[in-house]
Protein chains: 2
Amino acid sequence: MPDIGIIGSGIAGLHLGLFLRQHDIPVTIYSDRTPEDIGASRLPNSVAHHRSTLERERALGVEHWDPQEYGYFANHHHVNGPTPLEFRGDLRGPARALDYRIYLPRLIADFQERGGTFDIRAVKPETIVSLSEQHDLIVVAAGKGEIAGMFPRRADRSPYETPQRRLCVGLYHGVSYPDPKGMSLSVSPGHGELLELPLHSFEGPVTALLFEGIPGGDLEQVSGMDQASDPTGFEKTVLEKLESHFPQVRERADAARFHLTRPEDLLQGGLTPVVREDYTRLPNGRFALALGDMHTVLDPLVGQGANSASYSAWVTGETILEELTLDERFCQKVARRRADRTLSAAAFSNFMLRREAAPHLIELFSAMDGDPELAEEFVDHFNRPERIWDILSTPQRTRAYLAGQEWRQ
Amino acid sequence: MPDIGIIGSGIAGLHLGLFLRQHDIPVTIYSDRTPEDIGASRLPNSVAHHRSTLERERALGVEHWDPQEYGYFANHHHVNGPTPLEFRGDLRGPARALDYRIYLPRLIADFQERGGTFDIRAVKPETIVSLSEQHDLIVVAAGKGEIAGMFPRRADRSPYETPQRRLCVGLYHGVSYPDPKGMSLSVSPGHGELLELPLHSFEGPVTALLFEGIPGGDLEQVSGMDQASDPTGFEKTVLEKLESHFPQVRERADAARFHLTRPEDLLQGGLTPVVREDYTRLPNGRFALALGDMHTVLDPLVGQGANSASYSAWVTGETILEELTLDERFCQKVARRRADRTLSAAAFSNFMLRREAAPHLIELFSAMDGDPELAEEFVDHFNRPERIWDILSTPQRTRAYLAGQEWRQ
């Protein structure tokens with residue numbers, strides 16, 4: 001029976017830890033924050049779990065939030081600008097957006113109730129080496145700076161050197177949900193995008209609005225505003241940006257009721273997408289596996305990061321069960337098995353960050369505007385980003401797909 | 001419907017061609033030899049098809065040689081020298097060794113009867129580029145020199161720069177089969193190995209004896225002898241080598257009846273194992289996929305080459321069926337799907353070529369000497385060399401395996 005050490009208490013580390021506990025494998029999760037710290041923190045993200053991730057949660061026995069109640073049922077898409085497009089993809093099974101300050105502490109409690117060890121400590125590279133002597137495998141699912149440096153960036157899969165969007169995500173009251181209840185992803189060509197999620201947080205059902213502002217465009221302003229110094233001015237500006245760029249969302253916002261839920265329910269910044277090597281050989285000859293954000297950092301625009309991390313945790317868990325020895329060959333197997341989905345999620349996310357949408361993306365969107373079945377199929381593929389990349393990775397592929405060739409398997 | 005061009009009419013090209021024809025995909029096989037040329041050639045190899053390859057032949061509808069009649073049922077293993085070891089692994093399904101000068105022409109006929117185009121021509125790198133304009137994909141399953149140079153050698157997977165054995169394989173009368181009818185693989189430490197196969201050839205059931213002589217050892221002599229100038233002396237030397245190194249085979253040879261079946265039923269030489277890149281981008285931007293020997297060249301010692309080629313053809317065929325566009329992403333998928341088995345077959349073959357057997361290999365052999373169930377399981381893994389590599393790639397893995405841990409999946 002191997003003994004596994006996991007650095008990080010995000011979705012990747014917790015899903016892996018819970019998976020392993022289901023198979024009675026000893027696991028310790030190392031975290032630099034207590035569940036209380038996590039619950040009391042600033043909004044960490046805005047994440048949707050797709051159907052396939054909810055299925056994994058069911059299998060892990062952590063489905064505490066019924067997606068029929070907490071979830072949503074459609075993806076609404078708008079491309080604004082001179083030739084507007086829109087399509088709606090009904091989901092074949094609900095997705096769900098939940099505040100991670102609620103989600104993660106609950107899963108930590110589940111993990112501990114099921115015999116997992118939760119160990120609070122700051123972890124540095126030298127800590128990882130010493131922890132590797134106490135476990136059969138170290139999985140690194142969190143960390144920045146020096147720890148991230150242990151897993152070299154893969155230049156062939158990391159096209160960007162800087163953040164491609166300035167981000168501003170907040171939780172708001174006063175925006176009614178679209179019908180059917182769903183997320184919306186809207187594009188304002190040249191300026192960026194808005195991702196809107198019906199999200200469950202401490203104050204109940206609210207709306208997450210994530211502005212993805214192209215540097216130099218009209219949307220980046222909200223990412224740089226100091227909300228604390230002028231809360232009213234900030235909300236006014238947000239409404240103005242909705243008005244100018246995303247009228248379909250603005251018309252569901254009630255200006256009188258519109259406000260940020262709490263000051264800490266706002267996150268502004270940006271991130272540079274990166275794909276790192278799957279594993280590293282430690283100075284003592286042992287191996288550490290990268291998981292979740294340590295393996296791939298994705299811009300949140302198309303909602304793939306957490307789902308990819310959960311999938312990757314699952315593949316890692318299954319491979320641990322099969323293997324006798326958690327050595328380099330084990331790491332290579334995990335790398336190979338998760339490659340298509342995790343690298344496709346990264347490639348698709350990066351593709352969507354181009355400053356100008358690729359013509360074949362517009363061709364696909366145009367085809368979905370007026371073809372609900374095609375749209376339904378496409379949004380279902382958000383569960384399998386490798387299928388999206390099958391369709392979008394080249395113009396030839398998009399055209400072959402649209403030509404109605406049988407899409408086998 | 002894609003159109004596929006295949007360079008090479010060995011097992012890789014033919015199994016792929018037959019697979020695609022089963023799905024009505026247009027295929028042309030380019031060969032520099034007619035079926036008659038192939039049938040009249042010098043002995044090209046000594047190849048056994050394991051159970052999993054015979055299953056693919058059944059699925060392809062080319063099982064013309066009933067393995068109950070033409071096949072064999074056990075692997076007999078001997079390690080001679082100061083501390084002799086032996087074990088026998090009964091096969092869970094028969095394997096079969098058949099002269100490729102009979103096998104390949106028959107499969108070419110099948111391929112043509114099923115609508116495949118068989119095109120005789122010499123193929124050079126520039127021919128491949130021009131053929132790539134006529135097909136949606138070019139698969140290169142044969143070729144040397146400049147063509148092989150199109151697929152760079154992977155140094156990380158190719159540990160040897162020179163042949164590790166001097167080879168001498170011939171077909172012989174006068175050697176009775178072991179009981180149960182089977183192949184034998186015997187080791188003479190420091191000198192090399194003998195692979196004995198009950199093989200069906202033009203003269204019916206005969207015995208293939210493949211000497212694998214370590215350079216500088218006592219077995220390499222037979223690889224350098226000129227059989228034509230002294231047929232009797234050659235056979236006498238072969239018998240002497242059996243006597244000195246492989247008494248278990250010698251005792252089944254009747255000196256009075258022992259002789260090479262025909263002068264052309266002898267092949268002497270050596271090969272350098274190599275793993276090449278899975279695919280290449282042609283100067284015109286199209287892609288060519290390496291298959292079979294163009295992808296991995298294996299020493300024949302552990303009988304993995306043809307089986308790996310057939311498997312690789314199958315994976316390639318399945319991936320072609322799934323894909324809309326046969327581009328770089330397609331090539332990467334094939335590469336990823338076949339990697340574990342084909343690279344494990346190469347790693348295992350290369351591992352067995354070490355001049356001195358690894359101690360953990362001897363540990364495993366010792367454990368099988370006296371444990372028929374373990375031996376049966378191990379020889380069955382010849383169908384799945386990735387499983388063999390799971391067990392043998394490190395001493396820790398072998399010990400964990402032998403410690404009787406549950407071997408899951």
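Being a predicted model, the structure only gives us computed values, none of them experimental.

Focus: the sheet that holds strand 16 (residues 287-290) of chain A
Sheet strands pair via backbone hydrogen bonds, and the direction of the pair is either parallel or antiparallel.
Residue and element names in this part refer to chain A.
Line of reasoning, step 1. Pairing within the open sheet is mixed, and its six strands lie in the order 6-2-1-7-16-15. Of all strands in the sheet, those with a lone pairing partner are strand 6 (117-120) and strand 15 (279-281), marking the two edges. Direction aside, the axes of adjacent strands within the sheet are offset by 20 degrees on average.
Line of reasoning, step 2. With four bridges connecting them, strand 1 (residues 4-7) and strand 2 (residues 27-31) associate as parallel partners. Looking at strand 2, one finds that Gly-5 is bridged to Thr-28.
Line of reasoning, step 3. Contacts from helix 1 (residues 11-22) reach strand 1, strand 2 and strand 7 (137-140) within the one sheet, and its direction differs from that of strand 2 by about 165 degrees.
Line of reasoning, step 4. Sitting on the sheet, helix 6 (residues 125-132) touches strand 1, strand 2 and strand 7, and the angle it makes with strand 7 is about 150 degrees.

Things to note about the pattern of salt bridges
Line of reasoning, step 1. The full count for this structure, using the stated rule, is 72 salt bridges over all chains.
Line of reasoning, step 2. In this structure, the salt-bridge partner of Glu-323 of chain A is Lys-333 of chain A, at a minimum N-O distance of 2.7 Å. Of the two residues, Glu-323 of chain A is situated in the loop between helix 11 (305-322) and helix 12 (328-352) and Lys-333 of chain A in helix 12; the sequence distance between them amounts to ten residues.
Line of reasoning, step 3. Note that Arg-250 of chain B is salt-bridged to Glu-243 of chain B, the shortest N-O span being 3.3 Å.
Line of reasoning, step 4. Taking relative accessible area as the criterion, Arg-250 of chain B reaches 18% and is therefore assigned buried.
Line of reasoning, step 5. Connected through shared salt-bridge partners, Glu-323, Asp-327, Arg-329, Lys-333 and Arg-336 of chain A together with Asp-340, Arg-387, Asp-390 and Arg-397 of chain B make up one network.

Re the sheet that holds strand 15 (residues 279-281) of chain B
Residues and elements named next belong to chain B.
Line of reasoning, step 1. In space, the six strands of this open sheet follow the order 6-2-1-7-16-15, with mixed pairing throughout. The sheet is open, and its two edges are formed by strand 6 (117-120) and strand 15, each paired on a single side. Looking at each pair of strands side by side, their axes are set apart by 20 degrees on average, direction ignored.
Line of reasoning, step 2. Pairing analysis gives three bridges linking strand 7 (residues 137-140) to strand 16 (residues 287-290), with the strands arranged parallel. Looking at the pairing, Ile-138 lines up with Ala-288 of strand 16.
Line of reasoning, step 3. Docked against the sheet, helix 12 (residues 328-352) engages strand 7, strand 15 and strand 16, running at close to 10 degrees with respect to strand 16.

Observations regarding unusual backbone geometry
All names here are of chain A.
Line of reasoning, step 1. Note the cis peptide between Asp-179 and Pro-180, where omega equals -5 degrees.
Line of reasoning, step 2. Within the secondary structure layout, Pro-180 lies in the loop between strand 8 (166-173) and strand 9 (182-188).
Line of reasoning, step 3. The phi dihedral of Asp-24 falls on the positive side, at around 60 degrees, and the residue is not glycine.
Line of reasoning, step 4. Given a relative accessible area of 52%, Asp-24 falls into the exposed group.

Regarding the relation of the copies chain A and chain B
Line of reasoning, step 1. When chain A is fitted to chain B, the residual RMSD is 0.0 Å, and the transformation amounts to a turn of 180 degrees plus an axial shift of 0.0 Å. Such values leave the two copies arranged in the relation of a two-fold axis. Among all residues of chain A, the minimum C-alpha distance to the rotation axis is found for Arg-336 of chain A, at 3.3 Å.
Line of reasoning, step 2. A high fraction, 100%, of the interface residues of chain A reappear at the interface in chain B, so the copies pair face to face through one surface.

Examining the domain arrangement of chain A
Line of reasoning, step 1. Once the domains are mapped, chain A shows domain 1 (4-47 + 99-160 + 273-352), domain 2 (166-269) and domain 3 (359-408).
Line of reasoning, step 2. Of note, the centres of domain 2 of chain A and domain 3 of chain A, computed from C-alpha atoms alone, are 28 Å apart.

Here's the deal with empty space enclosed by the protein
Line of reasoning, step 1. What the rule picks out here adds up to eight cavities of 30 Å³ or more.
Line of reasoning, step 2. In this structure, the largest cavity encloses a volume near 190 Å³.
Line of reasoning, step 3. Taken together, 23 residues form the lining of the largest cavity, with His-50, Tyr-72, Asn-75, Met-183 and Phe-382 of chain A sitting closest to its centre.
Line of reasoning, step 4. Sorting the residues of the lining of the largest cavity by element identifies strand 4 (71-79), strand 5 (85-98), strand 9, strand 10 (192-201) and helix 14 (372-380) of chain A as the ones contributing at least two each.
Line of reasoning, step 5. Ranked by the residues each element gives to the lining of the largest cavity, the list is headed by strand 5 of chain A, at four residues.
Line of reasoning, step 6. Here the lining of the largest cavity is composed, by residue class, of 14 nonpolar, six polar and three charged.
Line of reasoning, step 7. What the second largest cavity holds in volume is close to 170 Å³.
Line of reasoning, step 8. Lining the second largest cavity are 22 residues, and of these Ala-48, His-50, Tyr-72, Asn-75 and Met-183 of chain B sit closest to its centre.
Line of reasoning, step 9. Those elements that place two or more of their residues in the lining of the second largest cavity are strand 4 (71-79), strand 5 (85-98), strand 10 (192-201) and helix 14 (372-380) of chain B.
Line of reasoning, step 10. Counting residues per element, the lining of the second largest cavity draws most heavily on strand 5 of chain B, which supplies four residues.

What counts as what
Residues numbered from 1 in each chain as written. Chains lettered and ligands numbered in written order. Predicted model: local features only at pLDDT ≥ 70, side-chain atom pairs only at ≥ 80, totals over all residues. Heavy atoms only, no water. Pairing = 2+ DSSP bridges. Helix = DSSP H or I, 4+ residues; strand = E, 2+ residues; numbered from the N terminus. Axes fitted to C-alpha atoms, helices over the stretch in contact; angles between N-to-C directions. Contact = heavy atoms within 4.5 Å. Salt bridge = Lys/Arg side-chain N within 4 Å of Asp/Glu carboxyl O. Buried < 20%, exposed > 50% of the residue type's maximum accessible area, 1.4 Å probe, protein only. Least-squares fit on C-alpha atoms with pLDDT ≥ 70 in both. Domains from an automatic or database assignment. 1 Å grid on protein atoms, 1.4 Å probe; cavity = no way out; pocket = protein on both sides within 12 Å on 5 of 7 lines; lining within 4 Å. Points joined across faces, edges and corners; volume = space filled by probe spheres on them. Nonpolar A, V, L, I, M, F, W, Y, C, P; charged D, E, K, R; others polar.

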